[in-house]
Amino acid sequence: MSAILETVGVNKTFGAVTAARDINVSVAKHEIVGIIGANGAGKTTFVNMVTGWLPPSTGRIRFDGRDITGLAPRKITRLGICRSFQVAQVFMTATVFDNLMIALGIADAHGLGVLLPLRVRAREERADAILRRYQMQDYRDQPASTLPQGIRKLLDIAMAMVAQPKVLLLDEPTSGISVEEKFPLMDIVMGALKEEGVTVLFVEHDMEIVSRYVSRVLAFYQGEIICDAPPAEALADPKVKEFVIGDDLHNQTLLQAGALQDGAQEVSDARG
Amino acid sequence: MALTSDRTTLGLTVGFVAVALLGVFVLPDWLLNQILVAFSRALAVVGLLVLWRTGLVSFGHALYFGLGAYTVALLGRNYGIGEVLVTLPAATLASALVGFLLGFIVRRYREIFFAMLNLAFSMVLFGILVKTEALGSTDGFNVEQPTLLGIGTDDAAVKLTALFLGVCAIGWLTAVLVHRYLGSILGSLTTAVRDNEIRVEYLGYSAAEAIHGKYVMSAALTGLGGGFMAISLGQVDPESMVNWTVSGELVFVTILSGPGSVAAPFIGSLIFELLRTYAFELVPYAWQLIVGGTLLLIIFFLPGGVWSVLSRLAGRRGVEP
């Protein structure tokens, strides 16, 4: 399968600190890739470089055959790479519906089209359809500032998906969300993303989530990729166990109970 | 954040027509004069309202107010042009052009730095005007008699009525166009930029460019207001057109009005004009005490400005500042 996203020899340094070292990744269309690693391992730096927030110090990033290294976030977004954030980035004083309307308006606008009215029936219907897809109808007219954390995260992801990107990067979609909310939220998100046929890369600390939803794992440690393999293989990798899972008590417990391998095996079996 | 309602255009039309009819048939000349000055300033305040909704306050928009005023005055003095169909568009364009150029600098700053950078630019213009004899120095100079399609008048009452109707017409047109703008996709990026620039960028639009566009718009409207003020007063000078106190007045009226509607600046500006006049009558040497006290009351008790009171009375929710 052809690569939709590719990084070649990407490095990022902040003074004496190396946040990313020789990152070579190739992601095929429709792949769902989990990015794991301890805090400070370089996961978010990788996401920030791919989405244009940080330019790499050296190396190239290609998207759909085109060099996007160093392009501004808005240009990369327009090309078809969107993202959500660890801390949901939404318009706090706007309602959920208005957040989606603004996102749809920007996605639709080209040239002088930005001067056309925001509120048109067709766009409102699309906003309502998105609300249904992400199961946020009950929060439609609620300001984003008053939303529960999980719903705000959903809104952040829904807004990122409005432009119908080819690649979506999710930065810790379940962080700050209660254990009970995690899986229902991820089921909604992954269900919607599957419908859209989008390629997904998501940063995640929770290996239960990773083992359930991804087809491939990139494990980061000190700015380097120490493992690039299917989840069952990656989670059994001694380096991953030592440097990634070993740091997290929750994941360690799951690992000892065999839950991660079971989950990963289920996914692997389901995919044949 | 309530997005604008379509009833606003109808309300603006009814409101401005009512004021115009009252002005022509009922109101005394002194009040017409007050409305003329108030609405001239309100044109500038509409520009500041757009910036405020974007989360930006400028302490230096007297720069554009003065540019508009001096453009009108200089066209008259140097070229004998008093035609308002030339002078007012020229005032608007001159301010928009300077706003466009300075916009490349100011769009990189936020909060107090944005406010003070604008103040610094306005002080530079003030200094230039004060020191330049050819521009009238501190005394300023008179504005050419205004004409419309070549027709002018020496009759003070007729001139006042014509200018009053002119400011009502331009005020209505400005308010309707800005209202339409705020209801557009680009207009929705005012509060969106204020709320979250990062998300705007990651939706595919440049927050800096959005701010730049709104800054140019505010400069153009402030220039138009300054141009109309110059015609209304018949004279320009640095103290009354470019000084930092003029910027302060514009911010004062913006806060007094509230960001809830494009109609608010016209109401707020008239209240300010009447307040200042009566305060001056009451305590000629301490009128600022009353004006300042009013601003304190507005900040403490009406952070949404007078518009929030009107919308509350009408049972509608105003837009948050």
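- Going by what an unreviewed UniProt entry lists, chain B is known as Branched-chain amino acid ABC transporter permease and is assigned to Thalassobaculum fulvum.
- Under Subcellular location (unreviewed entry), UniProt gives the following word-for-word description of chain B: "Cell membrane".

- Chain A carries the name ABC transporter ATP-binding protein in an unreviewed UniProt entry, which gives Thalassobaculum fulvum as its organism.

Topic: the overall build of chain B
Thinking step 1. Secondary structure assignment for chain B yields 14 helices and two strands.
Thinking step 2. Expressed as lengths along the three principal axes of its C-alpha atoms, the size of chain B is roughly 55 × 45 × 40 Å.
Thinking step 3. Sorting the 321 residues of chain B into buried and exposed places 53% on the buried side.
Thinking step 4. Excluding contacts between residues fewer than 6 apart, the proportion of contacts in chain B whose partners are at least 24 apart in sequence is 80%.
Thinking step 5. A total accessible area of about 13700 Å² is found for chain B, and carbon and sulfur atoms account for 70% of it.

Some thoughts on the overall build of chain A
Thinking step 1. Each helix and strand counted, chain A has eleven helices and ten strands in total.
Thinking step 2. Out of the 272 residues in chain A, the part that is buried amounts to 54%.
Thinking step 3. For chain A, the share of sequence-separated contacts (at least 6 apart) that also reach a separation of at least 24 residues comes to 66%.
Thinking step 4. Total accessible area computed for chain A in this model is approximately 11500 Å², and 50% of it derives from carbon and sulfur atoms.

Focus: the side chain of Ser 184 of chain B
Thinking step 1. Following the sequence through the fold, Ser 184 of chain B ends up in the loop between helix H6 (156–182) and helix H7 (185–195).
Thinking step 2. Residue classification places Ser 184 of chain B among the buried residues on the basis of a relative accessible area of 0%.
Thinking step 3. Excluding anything up to four places from it in sequence, Ser 184 of chain B contacts Val 114, Leu 115, Leu 116, Pro 117 and Leu 118 of chain A.

Re the packing of helix H4 (residues 84–106) of chain B against helix H9 (residues 207–233) of chain B
All names here are of chain B.
Thinking step 1. Packing of H4 against H9 brings their axes to within 7 Å, and their N-to-C directions diverge by 145°. Once H4 is placed against H9, the crossing between them reads as right-handed.
Thinking step 2. Among the residues forming the contact of H4 with H9, the class breakdown is 15 nonpolar, eight polar and no charged.

Quick word on the UniProt feature "transmembrane region" (unreviewed entry) in chain B
All names here are of chain B.
Thinking step 1. With numbering matched to this structure, UniProt assigns "transmembrane region" (unreviewed entry) to residues 12–31, 84–105, 112–130, 156–178, 250–272 and 284–310.
Thinking step 2. Secondary structure over residues 84–105 splits into 100% helix and 0% strand, and the C-alpha atoms at its two ends are 32 Å apart.
Thinking step 3. Between the end C-alpha atoms of residues 112–130 the distance is 27 Å, and the span holds 100% helix and 0% strand.

Some thoughts on empty space enclosed by the protein
Residues and elements named next belong to chain B.
Thinking step 1. Taken as a whole and assessed by the stated rule, the structure comprises two cavities of 30 Å³ or more.
Thinking step 2. Roughly 40 Å³ of volume is contained in the second largest cavity.
Thinking step 3. As for the second largest cavity, its lining consists of Val 72, Gly 76, Ile 81, Gly 82, Val 84, Thr 87, Val 143, Glu 144, Pro 146 and Ile 231.
Thinking step 4. For the lining of the second largest cavity, the secondary structure elements donating two or more residues are helix H3 (62–79) and H4.
Thinking step 5. Of the residues contributing to the lining of the second largest cavity, the split by class is six nonpolar, three polar and one charged.

Concerning the pairing of strand E2 (residues 17–28) of chain A
Residues and elements named next belong to chain A.
Thinking step 1. Both strand E1 (residues 3–14) and E2 contribute to a ladder of eight bridges, which runs antiparallel. Each residue of the ladder has a partner; that of Leu 5, found in E2, is Val 27.
Thinking step 2. From the end of E1 to the start of E2, which pair antiparallel, there are two residues, and Gly 15 there has a positive phi angle of about 60°.

Quick word on the interface of chain B and chain A
Thinking step 1. Every contact between the two is made by 24 residues of chain B and, on the other side, 33 residues of chain A.
Thinking step 2. Between chain B and chain A, a total of about 2700 Å² is buried, with carbon and sulfur atoms accounting for 63% of that surface.
Thinking step 3. A per-residue breakdown of the area chain B buries against chain A is headed by Ile 185, Arg 199 and Tyr 202 of chain B, which together make up 32% of the total.
Thinking step 4. Scanning the region where chain B abuts chain A turns up three salt bridges.
Thinking step 5. Across the salt bridge formed by Arg 199 of chain B and Asp 156 of chain A, the nearest N and O atoms sit 2.3 Å from each other.
Thinking step 6. At the junction of chain B and chain A, the tally comes to 16 residue pairs in polar contact (both at pLDDT 80 or more).
Thinking step 7. Split by residue class, the side of chain B that touches chain A holds twelve nonpolar, six polar and six charged.

Structural notes on the pattern of salt bridges
All names here are of chain A.
Thinking step 1. Per the counting criterion, the structure on display carries 25 salt bridges over all chains.
Thinking step 2. Close ionic contact of Glu 124 with Arg 119 constitutes a salt bridge, the shortest N to O distance being 3.4 Å.
Thinking step 3. Owing to a relative accessible area of 23%, Glu 124 belongs among the partly exposed residues under this scheme.
Thinking step 4. A relative accessible area of 33% means that Arg 119 is categorised as partly exposed.

Overview of the sheet that holds E2 of chain A
Residues and elements named next belong to chain A.
Thinking step 1. Strands sit in the order E2-E1-E4-E5 across an open sheet of four strands; the sheet is antiparallel. If you trace the sheet from one side to the other, it starts and ends with E2 and strand E5 (66–67), each paired once.
Thinking step 2. Together, E1, E2 and strand E4 (58–63) form the strand contacts of helix H1 (residues 43–50), whose direction differs from that of E1 by roughly 115°.

Some remarks on the nonpolar core
Thinking step 1. Among the nonpolar cores identified, the biggest contains 152 residues, and Tyr 134, Leu 193 and Phe 202 of chain A together with Leu 189 of chain B are the most heavily contacted of them.
Thinking step 2. No other element matches helix H2 (residues 29–53) of chain B, which puts 16 residues into this core.
Thinking step 3. When sequence neighbours within four positions are dropped, the list of residues in contact with Leu 189 of chain B reads Ile 102 and Ile 106 of chain A together with Val 200, Tyr 205, Ala 210 and Lys 214 of chain B.
Thinking step 4. Listed in part, the 26 residues of the second largest apolar core include Val 27, Ile 68, Ile 81 and Val 203 of chain A.

Conventions adopted
Residues numbered from 1 in each chain as written. Chains lettered and ligands numbered in written order. Predicted model: local features only at pLDDT ≥ 70, side-chain atom pairs only at ≥ 80, totals over all residues. Heavy atoms only, no water. UniProt positions renumbered as here; feature names shortened; annotations may be inferred. Helix = DSSP H or I, 4+ residues; strand = E, 2+ residues; numbered from the N terminus. Buried < 20%, exposed > 50% of the residue type's maximum accessible area, 1.4 Å probe, protein only. Contact = heavy atoms within 4.5 Å. Areas by Shrake-Rupley, 256 points an atom, 1.4 Å probe, with all protein chains shown as cover. Axes fitted to C-alpha atoms, helices over the stretch in contact; angles between N-to-C directions. Left-handed = near helix turned anticlockwise from the far one by under 90°. Nonpolar A, V, L, I, M, F, W, Y, C, P; charged D, E, K, R; others polar. 1 Å grid on protein atoms, 1.4 Å probe; cavity = no way out; pocket = protein on both sides within 12 Å on 5 of 7 lines; lining within 4 Å. Points joined across faces, edges and corners; volume = space filled by probe spheres on them. Pairing = 2+ DSSP bridges. Buried area = accessible area lost by both parts, 1.4 Å probe. Salt bridge = Lys/Arg side-chain N within 4 Å of Asp/Glu carboxyl O. Polar contact = N/O pair within 3.5 Å; in protein donor to acceptor, adjacent residues only side chain to side chain. Core = buried A, V, L, I, M, F, W, Y, C linked by side-chain atoms within 4.5 Å.

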